[in-house]
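# Observations on the three-dimensional arrangement
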Amino acid sequence: MAETPRRIWLTGASSGLGEALAEALLQQGAHLALSARSEGPLHLLERRFPGQVLLVPGDLTDHDRVKAIGVEIEQAWGALDSVILNAGTCEYVNAKEFDALIFERVIRTNLFASSYCIEAALPLLRKGIRPHLTDVASAVTYLPLPRSEAYGASKAGLRYLFESLRVDLAQEHIDVTVVSPGFVDTPLTQKNDFPMPMMISAEDAARHIVERLDKRPLEIAFPALFMAALWPLSRLPAKLKLIIGKRMVRQDPMEGDA
Ligand SMILES: NC(=O)c1ccc[n+]([C@@H]2O[C@H](COP(=O)([O-])OP(=O)(O)OC[C@H]3O[C@@H](n4cnc5c(N)ncnc54)[C@H](OP(=O)(O)O)[C@@H]3O)[C@@H](O)[C@H]2O)c1
């Protein structure tokens, strides 16, 4: 008997890693509810994979819209088996002209929006089959990097949110996976003007994640060589982390920035 397709809500599916994840999961036959603000790329996926895509676009920082997305998914499917919270943004901080509004924007998108999505998703996951909640965090949380105050804070917050939620959801048998990518070639990183060692394509990153999701590991951190270098650095005392970080600081941190 053919297996029932998994019903997955994937956020940030309009570009980069999310778009590549959507492609890989749809190729496997999964049914996807797709969210992002740009509807064009989502419509394209709907046309290419007829009957597999539920369009639930919108700005995920809008709490009311996210609640409405939850209702739309419930009306269409009744439940969710998996949720992959991938939508995110990055802005760099110039410590010489510290702008707290960058924190508001980045944390609203990366952390608050994720909490809105969790609120909408949990009742649906509780009705799903072998429920699984996945969050795309970042390897940035392993080491304090220059100019990453806002992005790193948002991703460190996300990591804690999901690791804590994992403990609380264990008794309900809802598994929680944290994905920690290194550098992936996407519109988000195409804006960067600094070296990004061991960067991989969005397609390779998506393949790596999708191949491991079924086993529901606590964490999917990659690329392997990048993590092999980063992991020991993350265990160093704060003094040594400061020395490493200082070597990465540029003379004019915002020079060349868009
Ligand atoms: N690229 C990397 O090297 C890297 C490394 C570590 C972690 N990550 C994480 O991977 C995830 C995907 O990033 P990416 O590199 O693929 O960047 P990307 O190409 O810029 O994709 C970001 C996605 O998030 C969506 N999004 C952003 N703000 C949104 C909002 N307010 N409401 C709804 N959707 C929103 C975007 O869609 P719209 O703009 O259409 O709304 C887009 O689909 C992010 O969480 C990022 O932090 C990336």
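Computed from a prediction, not measured in an experiment: that's the story for all the values here.

The rules behind each value
- Residues numbered from 1 in each chain as written.
- Predicted model: local features only at pLDDT ≥ 70, side-chain atom pairs only at ≥ 80, totals over all residues.
- Heavy atoms only, no water.
- Helix = DSSP H or I, 4+ residues; strand = E, 2+ residues; numbered from the N terminus.
- Buried < 20%, exposed > 50% of the residue type's maximum accessible area, 1.4 Å probe, protein only.
- Polar contact = N/O pair within 3.5 Å; in protein donor to acceptor, adjacent residues only side chain to side chain.
- Phe/Tyr/Trp six-rings, centres within 6.5 Å; stacked < 30°, edge-to-face > 60°.
- Lys NZ or Arg CZ within 6 Å of the ring centre and 35° of its normal.
- Axes fitted to C-alpha atoms, helices over the stretch in contact; angles between N-to-C directions.
- Parallel < 35°, antiparallel > 145°, perpendicular 65-115°, else oblique.
- Left-handed = near helix turned anticlockwise from the far one by under 90°.
- Contact = heavy atoms within 4.5 Å.
- Nonpolar A, V, L, I, M, F, W, Y, C, P; charged D, E, K, R; others polar.

## Here's the deal with the side chain of S114
Structurally, the position occupied by S114 is in helix α4 (residues 100-125). S114 gets classed as buried once you look at its relative accessible area, which sits at 5%. A distance of 2.9 Å separates a polar side-chain atom of S114 from the backbone oxygen of N110.

## Some words on the packing of aromatic side chains
The tally for this structure, following the rule as stated, stands at 5 aromatic pairs. With a centroid separation of 5.9 Å and an interplanar angle of 80 degrees, the aromatic rings of Y142 and W231 are classed as edge-to-face. Placement of the pair is Y142 in the loop between β5 (132-136) and α5 (149-169) and W231 in helix α8 (residues 224-234), with a sequence separation of 89 residues. Aromatic side chains F183 and F226 sit 5.8 Å apart centroid to centroid with 65 degrees between the ring planes, which places their arrangement in the edge-to-face category. With F183 in the loop between β6 (175-181) and β7 (184-185) and F226 in helix α8, the pair connects residues that are 43 residues apart, well separated along the chain. Each residue in the set Y92, F183, F194 and F226 is aromatic and connected to the rest through ring pairs, giving one cluster. We note R159 situated over the ring of Y142; from NZ or CZ to the ring centre the distance is 5.2 Å.

## Notes on the packing of helix α1 (residues 16-27) against helix α7 (residues 202-213)
Between two packed helices, what matters for the description is the angle formed by their axes and the separation of those axes. Put simply, α1 and α7 touch, their axes get as near as 8 Å, and they point 55 degrees apart. Our classification of the angle between α1 and α7 gives oblique. Between α1 and α7 lies a crossing whose hand is right-handed. Residue-level contacts link G16, L17, A20, L21, A24 and L25 of α1 to A202, E203, A205, A206, I209 and V210 of α7. Classifying every residue of the contact of α1 with α7 gives 10 nonpolar, 1 polar and 1 charged.

Purely geometric stuff here, so don't read any function into it on its own.
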